[in-house]
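The lines below spell out each chain.
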Amino acid sequence: MPNIKVLTKLMRELEDQLVVCMRCGMCQAVCPVFAETGFEADVARGKLALLDGLLNEMFKDPQGVYERLNKCLLCGSCAANCPSGVSVLEIFIKARAILTGFMGLSPAKKLILRGMLSRPEIFDRVAEWGLKFQKILTKPANEIIGTSCARFVSPLLKDRHFMPLAPVPFHRKIPSLNTDKGRSGLKVLFYVGCLIDKVFPQLAQDVIDVLNYHEVGVFIPQKQGCCGIPAISSGDLKTFNRLVRHHLEIFHDEKFDYLVTACATCTSTIKKIWPMMADKASESIENEVAEIAQKTLDISQFLVTKVGLKKNATAHIDTAVNVTFHDPCHLKKSLGVAAEPRALINANPGYRLKEMPEADRCCGLGGSFNLHYYELSSNIGRAKRNNIKASESSVVATGCPACMLQISDMLSQSDDKIAVKHPIEIYRELIKINGTHA
Ligand code: SF4
Ligand code: SF4
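Rules and cut-offs
Residues numbered from 1 in each chain as written. Chains lettered and ligands numbered in written order. Predicted model: local features only at pLDDT ≥ 70, side-chain atom pairs only at ≥ 80, totals over all residues. Heavy atoms only, no water. Helix = DSSP H or I, 4+ residues; strand = E, 2+ residues; numbered from the N terminus. Buried < 20%, exposed > 50% of the residue type's maximum accessible area, 1.4 Å probe, protein only. Contact = heavy atoms within 4.5 Å. Expected span 1.5 Å × (residues − 1). Phe/Tyr/Trp six-rings, centres within 6.5 Å; stacked < 30°, edge-to-face > 60°. Lys NZ or Arg CZ within 6 Å of the ring centre and 35° of its normal. Pairing = 2+ DSSP bridges. Axes fitted to C-alpha atoms, helices over the stretch in contact; angles between N-to-C directions. Core = buried A, V, L, I, M, F, W, Y, C linked by side-chain atoms within 4.5 Å. Parallel < 35°, antiparallel > 145°, perpendicular 65-115°, else oblique. Left-handed = near helix turned anticlockwise from the far one by under 90°. Nonpolar A, V, L, I, M, F, W, Y, C, P; charged D, E, K, R; others polar. Near = heavy atom within 4 Å. Domains from an automatic or database assignment. Buried area = accessible area lost by both parts, 1.4 Å probe. Salt bridge = Lys/Arg side-chain N within 4 Å of Asp/Glu carboxyl O. Polar contact = N/O pair within 3.5 Å; in protein donor to acceptor, adjacent residues only side chain to side chain.

1. Some points on the environment of alanine 419
One can find alanine 419 in strand β11 (residues 419-421). When its relative accessible area of 15% is taken as the criterion, alanine 419 is described as buried. Sequence separation between alanine 419 and lysine 333 is 86 residues, and the spatial gap between their C-alpha atoms is 25 Å. Once you skip the residues sitting within four places of it in the chain, alanine 419 turns out to touch Ile144, Ser394, Val395 and Val396.

2. Side note on helix α21 (residues 374-390)
The end-to-end C-alpha distance of α21 is 24 Å, a good match for the 24 Å that 17 residues give at a rise of 1.5 Å each. When we look at burial in α21, the residues that qualify are Tyr374, Leu376, Ser377, Ser378, Ile380, Gly381, Lys384, Arg385, Asn387 and Ile388.

3. A few points about the packing of aromatic side chains
Both the distance between ring centres and the angle between the ring planes are used here to describe each pair of aromatic rings. Per the counting criterion, the structure on display carries 3 aromatic pairs. Measuring from centroid to centroid gives 6.4 Å for phenylalanine 251 and tryptophan 274, while their planes differ by 20 degrees, and the two rings are stacked. In this pair, phenylalanine 251 is assigned in helix α14 (residues 237-251) and tryptophan 274 in helix α15 (residues 264-277), connecting sequence segments 23 residues apart. Tryptophan 274 shares its class with phenylalanine 251; the two are buried. On the numbers, 5.2 Å between centres and 40 degrees between planes, the contact of phenylalanine 369 with tyrosine 373 is tilted. Residue classification places phenylalanine 369 among the buried residues on the basis of a relative accessible area of 2%. When the ring centre of tyrosine 374 is taken as origin, the NZ or CZ atom of arginine 160, which lies over that ring, is 4.1 Å away. Residue placement shows lysine 295 over the ring face of phenylalanine 256; its charged tip is 4.5 Å from the ring centre.

4. As for the sheet that holds strand β4 (residues 187-190)
One open sheet holds the 5 strands; their spatial order is β3-β5-β4-β6-β7, and the pairing between them is mixed. Every interior strand has two partners, whereas the edge strands, β3 (177-178) and β7 (296-298), have only one. Across 2 bridges, the pairing between β3 and strand β5 (residues 217-220) is antiparallel. Counterpart to leucine 177 in the pairing with β5 is isoleucine 220. Contacts from helix α17 (residues 299-307) reach β4, β6 (258-261) and β7, with the element oriented near 95 degrees to β7.

5. Concerning the environment of leucine 376
If you trace the backbone, leucine 376 turns up in helix α21. When its relative accessible area of 12% is taken as the criterion, leucine 376 is described as buried. It is 23 Å that separates the C-alpha atoms of leucine 376 and serine 334, two residues lying 42 residues apart in sequence. Beyond its immediate stretch of four places on either side in the chain, leucine 376 contacts Val33, Glu36, Thr37, Lys71 and Phe369.

6. Some remarks on the pairing of strand β8 (residues 321-326)
Looking along a regular strand, one sees side chains alternate from face to face of the sheet. Here 3 bridges tie β8 to strand β9 (residues 351-353), and the two strands are oriented parallel to one another. Paired with valine 321 across the two strands is tyrosine 351, which belongs to β9. Examined bridge by bridge, β8 and strand β10 (residues 395-398) share 4 bridges and lie parallel to one another. Its bridge partner lying in β10, valine 323 is registered against valine 395.

7. Here's the deal with the nonpolar core
Phe92 and Leu303 are the most contacted members of the largest nonpolar core, which has 122 residues in total. Here the element with the most residues in this core is helix α7 (residues 88-103); it accounts for 8 residues. Once residues within four sequence positions are removed from consideration, phenylalanine 92 is found in contact with Ala44, Lys47, Leu48, Leu51, Leu69, Cys72 and Leu74. In terms of nonpolar packing, the next biggest core, distinct from the first, is built from 9 residues, Phe325, Ile345, Val395 and Ala419 among them.

8. Notes on the packing of helix α3 (residues 44-52) against helix α5 (residues 62-70)
Contact pair α3 / α5: the axes reach a minimum separation of 10 Å and the direction vectors enclose 155 degrees. By the angle class used here, α3 and α5 are roughly antiparallel. Read as a crossing pair, α3 and α5 show a hand that is left-handed. Residues Gly46, Lys47, Leu50 and Leu51 of α3 pack against Val65, Arg68 and Leu69 of α5. Grouping the constituent residues of the contact of α3 with α5 by class yields 4 nonpolar, 1 polar and 2 charged.

9. Some details on the site of ligand 2
Contacts to ligand 2 come from 14 residues, most closely from Cys31, Cys72, Leu73, Cys75 and Cys78. Taken together, the residues that form the shell around ligand 2 break down as 11 nonpolar, 2 polar and 1 charged.

10. So, unusual backbone geometry
Phi at leucine 74 is positive, roughly 50 degrees, even though this residue is not glycine. By the secondary structure assignment, leucine 74 is in the loop between α5 and α6 (77-80). The class of leucine 74 is buried, set by a relative accessible area of 11%. Backbone geometry at glutamate 392 places phi at a positive 55 degrees, although glycine is not the residue there.

11. Some thoughts on the domain arrangement of the protein
Domain annotation for the protein reports domain 1 (4-103), domain 2 (170-307) and domain 3 (321-433). Taking only C-alpha atoms, the centre of domain 1 and the centre of domain 2 are 29 Å apart. Tallying the contact residues gives 11 residues for domain 1 and 9 residues for domain 2. When domain 1 packs against domain 2, close to 740 Å² is buried across both sides, 74% of that on carbon and sulfur atoms. Per-residue buried area on domain 1 facing domain 2 is highest for Ile93, Arg96 and Ala97; these three make up 50% of the total on that side. Taken together, the connections running from domain 1 to domain 2 amount to 0 salt bridges. Here domain 1 is connected to domain 2 by 3 residue pairs in polar contact (both at pLDDT 80 or more).

This is the structure in structure tokens:
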């Protein structure tokens, strides 16, 4: 249990933030969970009303409050549409930490978060064991998307079509890297992130190739782990703080101008949630977290605003394929990044960008939300799939590997032949054509 001083401080901060909500209900119109269930308790206003009496409710029915709070994608659509500027996500995250501090973690979560996630080397080993079982328990589902599904009836996997673990994770191919600044005069720390490391390692290679092309120095410290989002979403401050401290230590080994990631969720976590929730045990930790957050950028934002993209010498070629772009919530709503990933796509004349309706509507994944409420998550995901199909594109791109998982599941289950890509992959394909430095 986190110390009582921390919980009391969080509770006070929560109370200060809750009074800002004027109960106008504007958040209803944009909440993807409310759109499916129609329950006031599922929308931000309902949850905030519940939290208003948190101190009382916490003693009466902590589990009930926790469950209602958990029925949320943490997508930030409510916050982005709130006329009063209520820090809804900050409130929800702090409330989860208070409740978990009060109730403790379930044994399963304790095992996953404290036993595995908080220790990057153990997490890597567990993923390697998973790879062995994967061959026995799963079979290919959709060749174009690259998904698999359960070979036998599985209560855990259900009907899911998921992207399998890569045969070789990125950290096995490139455990660390440290290259000099080239003509760009810039050096970045590349934070890989768990999903890219274990499921989409080719994306990490694409990032390195693009950075090399633009002559940007790359520092990849050894033993990177998870950014902490699964822990803090479960209210587990202990694991979250352990991961933040671990990364601060390994980031120390080299000087760098920016920290870049190709995962919208990692970027948003390091930039927004680390400063909000990390234990400010000393002034130096507080300053370090603030400095890292300030240097953190999505890869597309870094390339567009700090480096400059390779100029598109030709107009779209005749054989250009239509591609549509899904705005990850953690990129657009959390960080305001929407034009930059589109610029990466537009740079490649082999692709023609066609906007889908409601491109910034949440895909419905929401991390553990998908595990707890798969049906609800799939209903929200199917709306996204219909919008993708309405764009008549043969490729959908998105800047978050977590969204790539959800979109792949939805498209694969309906046997659609639409490939799922990351904008950096599309930009990398352009560079492959030339193969020289910028
Ligand atoms: S969170 Fe914002 S939008 Fe929702 S009811 Fe409160 S003030 Fe209105
Ligand atoms: S974060 Fe998303 S799912 Fe949660 S209440 Fe706000 S709009 Fe609804």
